[in-house]
Amino acid sequence: ELHPKVRAALAALPAQLNIFRIASLAERNFEPMMRLGGTILSRQQLAANLRELAILRVARLSNAEYEWVQHVPIAEMVGCTKEQIEALDRGDAAAACFDEKERAVLAFTDEVLRDVRPTDTALAELGKHCPDREVMELTIAIGFYMLMARIMEVSGIEIEAPVGDQIVRAS
């Protein structure tokens, strides 16, 4: 029963994931949301590995298993190590496998997710490693994947085989 324009936009995506199907129910929001997601995955100046560490942190802190399953292959594809992924899986964002910049990204992610506004300390630490543009891009990525996690969890969508890395390659 989708509007033909939304049906066409859904069909044009590189993969037919449950998250896309459920998000398409918000017909007027669907296309802009997919464009934003695509730009986060393909057009940010922020390093892809930092983006994916933040997304995995959002997934774990939001209990969004679907998001986690889809983004682990992407994280691996962009250079995150198995040790880093395992550390995030067990909730250890301060593990020795993360360098100073990665820990700053993860601490900032934690505070944005938990408190909305990060502390001046977390913002200053991130600012030592990232220019303002990347701080804003990271903030947008965190917010977008918080939104996606909530859509996933509210809808209770079924977890499917990961194809997130295919989507990034197609972007």
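Residues numbered from 1 in each chain as written. Predicted model: local features only at pLDDT ≥ 70, side-chain atom pairs only at ≥ 80, totals over all residues. Heavy atoms only, no water.

Chemist: So what exactly am I meant to see when it comes to the layout of surface pockets here?
Modeler: Gaps left between atoms are located by rolling a probe of water-molecule size over the structure's atoms. The calculated volume of the largest pocket comes to roughly 300 Å³. Considering the residues around the largest pocket, the lining is formed by 21 residues, among which F20, M34, L41, Y145 and I167 are closest to the centre. Looking at which element gives the most residues to the lining of the largest pocket, the answer is helix α5 (residues 65-77), with 5 residues. The residue inventory of the lining of the largest pocket, partitioned by class, reads 14 nonpolar, 6 polar and 1 charged. (1 Å grid on protein atoms, 1.4 Å probe; cavity = no way out; pocket = protein on both sides within 12 Å on 5 of 7 lines; lining within 4 Å. Points joined across faces, edges and corners; volume = space filled by probe spheres on them. Helix = DSSP H or I, 4+ residues; strand = E, 2+ residues; numbered from the N terminus. Nonpolar A, V, L, I, M, F, W, Y, C, P; charged D, E, K, R; others polar.)

Chemist: Would you explain the packing of aromatic side chains in this entry?
Modeler: Geometrically, a pair of aromatic rings is defined through the distance of the ring centres and the angle of the planes. Taken as a whole, this structure holds 1 aromatic pair when the rule is applied. Ring centres 5.0 Å apart and planes at 80° place the aromatic pair F144 and Y145 in the edge-to-face group. For the pair F144 and Y145, a shared accessibility class is recorded, and that class is buried. Sitting over the ring of W68, R60 keeps its end group 4.1 Å from the ring centre. (Phe/Tyr/Trp six-rings, centres within 6.5 Å; stacked < 30°, edge-to-face > 60°. Buried < 20%, exposed > 50% of the residue type's maximum accessible area, 1.4 Å probe, protein only. Lys NZ or Arg CZ within 6 Å of the ring centre and 35° of its normal.)

Chemist: Help me out: how do you make sense of the nonpolar core in this one?
Modeler: Here is a general trend for soluble globular proteins: nonpolar side chains tend to be buried in one another's company. Counting residues in hydrophobic clusters, the biggest one holds 42 residues, and the most contacted among them are F20 and F30. Examining the composition of this core, we find that 9 residues originate from one element, helix α9 (residues 132-155), more than from any other. One finds A59, W68, A93 and C97 within the second-largest nonpolar core, a separate group that totals 15 residues. (Core = buried A, V, L, I, M, F, W, Y, C linked by side-chain atoms within 4.5 Å.)

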